[in-house]
Amino acid sequence: MLSIFICIVIMSDPLIIDKSLFHDGVLIIAAVTMLIAALSDIKKLIISNRLCLFLAALFPIYVLTAPHEIMWLHHVLIAATVLMIGFAMFAMNFLGGGDVKMLAAASLWAGPKMIATLLLFTSFAGGLLALGFAVAALYRARVLKIEAKLEKNGSETNEIIPWHKTPVPYGVAIACGGVTALFMMSQAV
C-alpha cells in the first residue's frame, strides 16, 4: 500500500515525471496481470483473488495518470453491474467465482466505451475454448474406451469425464477480451 501511495504522490507532481509514461505502463501491467491470471487458470483452474484485486487496484493509477478526463464512476458502475450479473451466473453454476471476479475487474477497465468489445471478444474466445475442450474430452473418452476394451481386465485407471462436464479455464477467454480492450484503449486518442 505504501508503494501505491508513493506512486500516486510522484504522479500527481508534473515536475517529477511524465504522466503518459506511467499511463502506458499501467496499461501494460494490467495486460500482463490478465495473462498471468489466464495462465493460473490453465494450470490450476483457479484465478487468485489477489490478481483480481491487483487488477482493480491498478485502475485508480490509470485514472490519475490519464492525459484526459476519465469518467471513472461510469467504469465503476459497469464493473458493479457485471459483478452482480456474474454472481447470479455463479449461483447457477454457469461461471466460477474467479471468472466472475476477473470479468468484473476487466469490466472496470473497459468501462462504457469498451464493455461491448470486452464481452464480444470474451464470448468468442470462450466459445472456441469450450469447443476445443469438448472435442478433446470426446477424443479422450473414445481413446480410454478403446484402451479399456483392449485391456479387458475390468479396471480402468483413468476416469472418463463427460464432454459437457469438462472444466474449462474461462480466465483465458476473459484475458483475451480484456487484453483486446486494453489494446484498443491504448490506441484511442
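Residues numbered from 1 in each chain as written. Predicted model: local features only at pLDDT ≥ 70, side-chain atom pairs only at ≥ 80, totals over all residues. Heavy atoms only, no water.

## Examining the overall build of the protein chain
Defined as follows: Strands here are runs of E lasting at least two residues and helices are runs of H or I lasting at least four, both read from the DSSP assignment and numbered beginning at the N terminus. Each residue gets one of three labels from its accessible area relative to the maximum for its type: buried under 20%, exposed over 50%, partly exposed in between, using a 1.4 Å probe on protein chains only. Residue contacts follow a heavy-atom distance rule, with two residues in contact if any of their heavy atoms lie within 4.5 Å.
Helix and strand counts for the protein chain come out as six helices and zero strands. A buried classification covers 35% of the 189 residues belonging to the protein chain. In the protein chain, 75% of the contacts between residues at least 6 apart in sequence involve partners at least 24 apart.

## Considering helix H4 (residues 72-91)
Basically, it comes down to this: One less than the number of residues in a helix, times 1.5 Å, gives the span that helix is expected to have. This arc is built from the directions going out from the helix axis to the C-beta atoms.
A rise of 1.5 Å per residue sets the reference length of H4, with its 20 residues, at 28 Å; its end C-alpha atoms lie 29 Å apart and thus fit the reference within 8%. All of the buried residues along H4 are His75, Ala79, Val82 and Gly86. Projected onto a plane normal to the axis of H4, the buried residues spread over an arc of 65 degrees and lie on a single side. Structural note: H4 exposes Met84, Ile85, Phe87 and Ala91 on the side pointing more than 90 degrees away from its buried face. Positioned one or two residues after H4, Asn93 has a phi angle of 60 degrees, which is positive.

## Some remarks on the side chain of Ser40
The following threshold applies: A 3.5 Å cut-off defines polar contacts: any pair of N or O atoms within that distance qualifies, except that in protein one atom must be a possible hydrogen donor and the other a possible acceptor, and neighbouring residues in sequence count only when both atoms are side-chain atoms.
Along the chain, Ser40 turns up in helix H2 (residues 19-44). Of the polar contacts made by the side chain of Ser40, one reaches the backbone oxygen of Ile46; its length is 2.7 Å. Look past the residues within four positions of Ser40 in its chain and what remains in contact with it is Leu45, Ile46 and Ile47.

## Things to note about unusual backbone geometry
Of all residues except glycine, most have a negative phi; of all peptide bonds, most are trans. Positioned with a positive phi, Leu45 is a non-glycine residue whose angle comes to about 60 degrees. Position of Leu45 among the secondary structure elements: in the loop between H2 and helix H3 (49-64). Residue class for Leu45 comes out partly exposed when judged on its relative accessible area of 43%. Not every positive phi belongs to a glycine, and Asn93 is a case in point at roughly 60 degrees. Relative accessible area serves as the criterion here: at 69%, Asn93 is assigned to the exposed category.

## Some words on the packing of aromatic side chains
This is how the line gets drawn: Pairs were defined over the aromatic rings of Phe, Tyr and Trp, the Trp ring being its six-membered one, requiring ring centres within 6.5 Å. Orientation was assigned from the angle between planes: stacked under 30 degrees, edge-to-face over 60, tilted for the rest.
Counting across every chain of the model gives three aromatic pairs. Taken together, a centroid distance of 5.1 Å and an interplanar angle of 50 degrees make the contact between Tyr62 and Trp109 tilted. Of this pair, Tyr62 sits in helix H3 while Trp109 sits in helix H5 (residues 97-151); the two residues are 47 residues apart in sequence, bridging distant segments of the chain. For Trp109, a relative accessible area of 1% translates into the label buried. Among the aromatic side chains, those forming a connected cluster through ring pairs are Phe59, Tyr62 and Trp109.

## Things to note about the nonpolar core
Stated precisely, the cut-off is as follows: Nine residue types can take part in a nonpolar core, namely buried Ala, Val, Leu, Ile, Met, Phe, Trp, Tyr and Cys, and a core is a set of them joined through side-chain atoms within 4.5 Å.
By size, the foremost hydrophobic cluster in this structure holds 38 residues, and its most contacted members are Met34, Tyr62, Met102, Trp109, Leu118, Leu182 and Met185. Among the secondary structure elements, those contributing two or more residues to this core are H2, H3, H4, H5 and helix H6 (171-187). Here this core gets eleven residues from one element, more than from any other, and that element is H5. Residues contacting Met102, with those up to four places away along its chain left out, are Met34, Ala37, Ile47, Cys52, Gly171, Ile174 and Ala175.

## Details of the side chain of Thr33
One can find Thr33 in helix H2. Within the structure, the side chain of Thr33 is placed 2.7 Å from the backbone oxygen of Ile29, a separation counted as a polar contact. Residue contacts for Thr33: discarding those within four places in its chain leaves Leu51, Phe54, Leu55 and Leu58.

Shape descriptors only; they carry no functional weight alone.
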